[in-house]
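One-letter residues, chain by chain:
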Amino acid sequence: MLVYLRLLKESFGFALNALRNNKLRTLLSLLGVTIGIFSIIAVLAAVDSLDRKIKKDLSSLDKNTIYLMRFSFGPSEIPQWKREQFPNVKYDEYEYLKGSMNDVNQMAFQFFVNRESIKYQSATVSDINVVPVSHEFIEIEGLEFDEGRFYNESESNSGSAVIVLGNEIASGLFEGASPIGKNVRLYGQRFTVIGVLKKQGAGIFGDSNDTSVFIPVNFLRRMYGDNNDALTPVILIKPEKGVDMDAFKAELTQKLRNYRGMKTDEIDNFFINVLSGFTDLIDGIVGQMNVVGWIISGFSLLVGGFGIANIMFVSVKERTNLIGIQKSLGAKNRFILFQFLFEAVILSVIGGAVGMSEREQKKYKMNLKCVQGELYEEIRPKFYVKSHLECFEERTF
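Remember, it's a predicted structure, so these values are computed and weren't measured experimentally.

When helices and strands are counted, the protein chain shows 13 helices and 13 strands. The buried share of the protein chain, reckoned over its 397 residues, is 45%. Within the protein chain, counting contacts between residues at least 6 apart in sequence, those at least 24 apart form 76% of the total. As presented, the protein chain carries roughly 20700 Å² of accessible surface, and 55% of it is formed by carbon and sulfur atoms.

It is worth spelling out the nonpolar core at this point. A general tendency of soluble globular proteins is for nonpolar side chains to be buried together. Core analysis: the largest hydrophobic core is formed by 45 residues, its most contacted members being Ile-118, Ile-163 and Leu-186. For Leu-186, the residues in contact, after removing those within four places along its chain, are Glu-116, Ser-117, Ile-118, Ile-128, Val-130, Ile-163, Phe-191, Val-213 and Ile-215. The next biggest cluster of nonpolar side chains, apart from the first, holds 22 residues, and it includes Tyr-67, Val-131, Phe-137 and Tyr-151.

Here we come to helix α8 (residues 217-224). Of the residues making up α8, those classed as buried are Val-217, Asn-218, Phe-219 and Leu-220. Just past α8, the residue Gly-225 takes up positive phi, approximately 80°.

Quick look at the packing of helix α4 (residues 91-100) against helix α9 (residues 245-260) now. At a minimum axis separation of 11 Å, α4 and α9 run at an interaxial angle of 130°. Considering their axes alone, α4 and α9 lie oblique with respect to each other. Relative to α9, the crossing made by α4 is right-handed. On α9, the residues touching Asp-92, Glu-93, Tyr-96, Leu-97 and Ser-100 of α4 are Glu-251, Leu-252, Lys-255, Leu-256, Tyr-259 and Arg-260. A class-by-class count of the residues in the contact of α4 with α9 yields five nonpolar, one polar and five charged.

Looking at helix α7 (residues 167-174), one finds that the buried residues are Asn-167, Ile-169, Ala-170, Leu-173 and Phe-174. The buried residues of α7 occupy an angular sector of 165° when the element is viewed end-on, so they sit on one face. Looking one or two residues past α7, Glu-175 carries a phi angle of roughly 50°, positive in sign.

What follows deals with the pairing of strand β10 (residues 232-239). For β10, a buried count of eight out of eight residues is recorded, marking the element as mostly surrounded by other parts of the structure. A two-sided burial pattern is seen for β10, the buried positions comprising Thr-232, Val-234, Leu-236 and Lys-238 on one face and Pro-233, Ile-235, Ile-237 and Pro-239 on the other. Looking at chain direction, strand β1 (residues 66-69) and β10 are connected through three bridges and run antiparallel. When the bridges of β10 are listed, Tyr-67 appears paired with Leu-236. As judged from the eight bridges shared by strand β2 (residues 104-112) and β10, these two strands associate in the antiparallel manner.

Moving on, we get to a nonpolar patch on the surface. On the surface, a nonpolar cluster with roughly 540 Å² of combined accessible area is contributed by Val-291, Ile-295, Phe-299, Leu-302 and Phe-306. Take Ile-295: its relative accessible area is 47%, and that puts it in the partly exposed class.

What follows concerns the pattern of salt bridges. Enumeration over the complete set of coordinates arrives at eight salt bridges. Glu-93 is paired through a salt bridge with Arg-260; the nearest N and O atoms lie 2.8 Å apart. Of this pair, Glu-93 sits in helix α4 while Arg-260 sits in helix α9, and the two are 167 residues apart along the sequence. With a relative accessible area of 6%, Glu-93 lands in the buried category. The salt bridge involving Lys-98 is made with Glu-136; its shortest N-O contact spans 2.2 Å.

This next bit is on the pairing of strand β4 (residues 123-133). Of all the eleven residues making up β4, eight are buried; the element is thus mostly covered by neighbouring parts of the structure. Bridge count between strand β3 (residues 116-120) and β4: four bridges; the pairing is antiparallel. In the sheet register, Glu-116 faces β4, and the bridge partner there is Ile-128. The hairpin turn running from β3 into β4, its antiparallel successor, is two residues long, and Gln-121 in that turn takes a positive phi close to 55°. Sheet topology places β4 next to strand β9 (residues 212-216); five bridges connect them, and they run parallel. Looking at the pairing, Pro-132 lines up with Ile-215 of β9.

So, on to the packing of aromatic side chains. Between two aromatic rings, the relevant description is the distance of the centres plus the angle of the planes. Considering all chains together, one arrives at twelve aromatic pairs under this definition. Here the aromatic residues Tyr-91, Tyr-94, Phe-109 and Phe-111 are joined through ring pairs into a cluster of three or more.

Rules and cut-offs
Residues numbered from 1 in each chain as written. Predicted model: local features only at pLDDT ≥ 70, side-chain atom pairs only at ≥ 80, totals over all residues. Heavy atoms only, no water. Helix = DSSP H or I, 4+ residues; strand = E, 2+ residues; numbered from the N terminus. Buried < 20%, exposed > 50% of the residue type's maximum accessible area, 1.4 Å probe, protein only. Contact = heavy atoms within 4.5 Å. Areas by Shrake-Rupley, 256 points an atom, 1.4 Å probe, with all protein chains shown as cover. Core = buried A, V, L, I, M, F, W, Y, C linked by side-chain atoms within 4.5 Å. Axes fitted to C-alpha atoms, helices over the stretch in contact; angles between N-to-C directions. Parallel < 35°, antiparallel > 145°, perpendicular 65-115°, else oblique. Left-handed = near helix turned anticlockwise from the far one by under 90°. Nonpolar A, V, L, I, M, F, W, Y, C, P; charged D, E, K, R; others polar. Arc of directions from axis to C-beta. Pairing = 2+ DSSP bridges. Patch = residues over 30% accessible without salt bridge, like charges linked within 9 Å, V, L, I, M, F, W, Y side chains within 5 Å. Salt bridge = Lys/Arg side-chain N within 4 Å of Asp/Glu carboxyl O. Phe/Tyr/Trp six-rings, centres within 6.5 Å; stacked < 30°, edge-to-face > 60°.

Put into structure tokens, the structure is as follows:
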């Protein structure tokens, strides 16, 4: 037993001595392993942080929330030319469904619109997300306020000129002063500020309620009507908890088809987008990114392994004379083998340790950026998005 321990000790000493005598070669070998380990951790940490950020943003929403509109959240078997002929949902359809559907917790009507600028005196905030929506929206999304309130049913139905500001917009316009009761200008019209939302942070697609304003949807309907191409309407439906979603969607489909007077042989000219289907799509994308990350990282690690193997080959060639002397003095084959094995193991362990230490720093930065909502901007896929949680028909990943 002591003989084997001595053998291991002397082999380890020879390996360390060889590494010290060939510093540049050792450094290059360590670099290959470090890059391989770091690549695995960096890619997987980025995907994991993005996944947790998305799930955190969606956690406040009921996964059974339905977006009824002419667009689909995901791929569709219906040809694009036919989808483009689908009519928009109407406000009277929203009123009909609201009064006739069973097992509905809340139902709201919303427009997706272009981004605008908002003014207060000499201060202007540009590129804001305008959310024209009915009063039920607060119950669907669960908005929280720093001060003030959301508009009520009377203000929503009459299309009153009232507005709720996101936190960043309020800070940009009023610089710390209370905006409640002040008048701002949007669409060339005056709006009275009645509420300011709590700070949220960046959302899934870079947008958030911090850079959004909320106005009664009937105000915009009164200005532009229901047939303006710049407005994309959607009906938001939050079913009661525990409802059978298949039965609920079937009832919704039947009632809307009847209201539109569609024949039995006609396909549905609308899409029932359930938020759970959207999250399943995101999970699929994240899963694919994980697989790609593992493949890329595997190649990086393989390159590092080949680097060590190549260095070991060169080391054996260089020390042929030394190996011959050791053999002539009675050294066993395993003694020679252990020298090079220890050398390879030391390179792998040190390179792995450096890669792991880099991983901890990278993971900390990823988590920090995830909290701050910046990670999406670095590795975001490209979506065609119309508004907050918008429909997207053209997607490139």
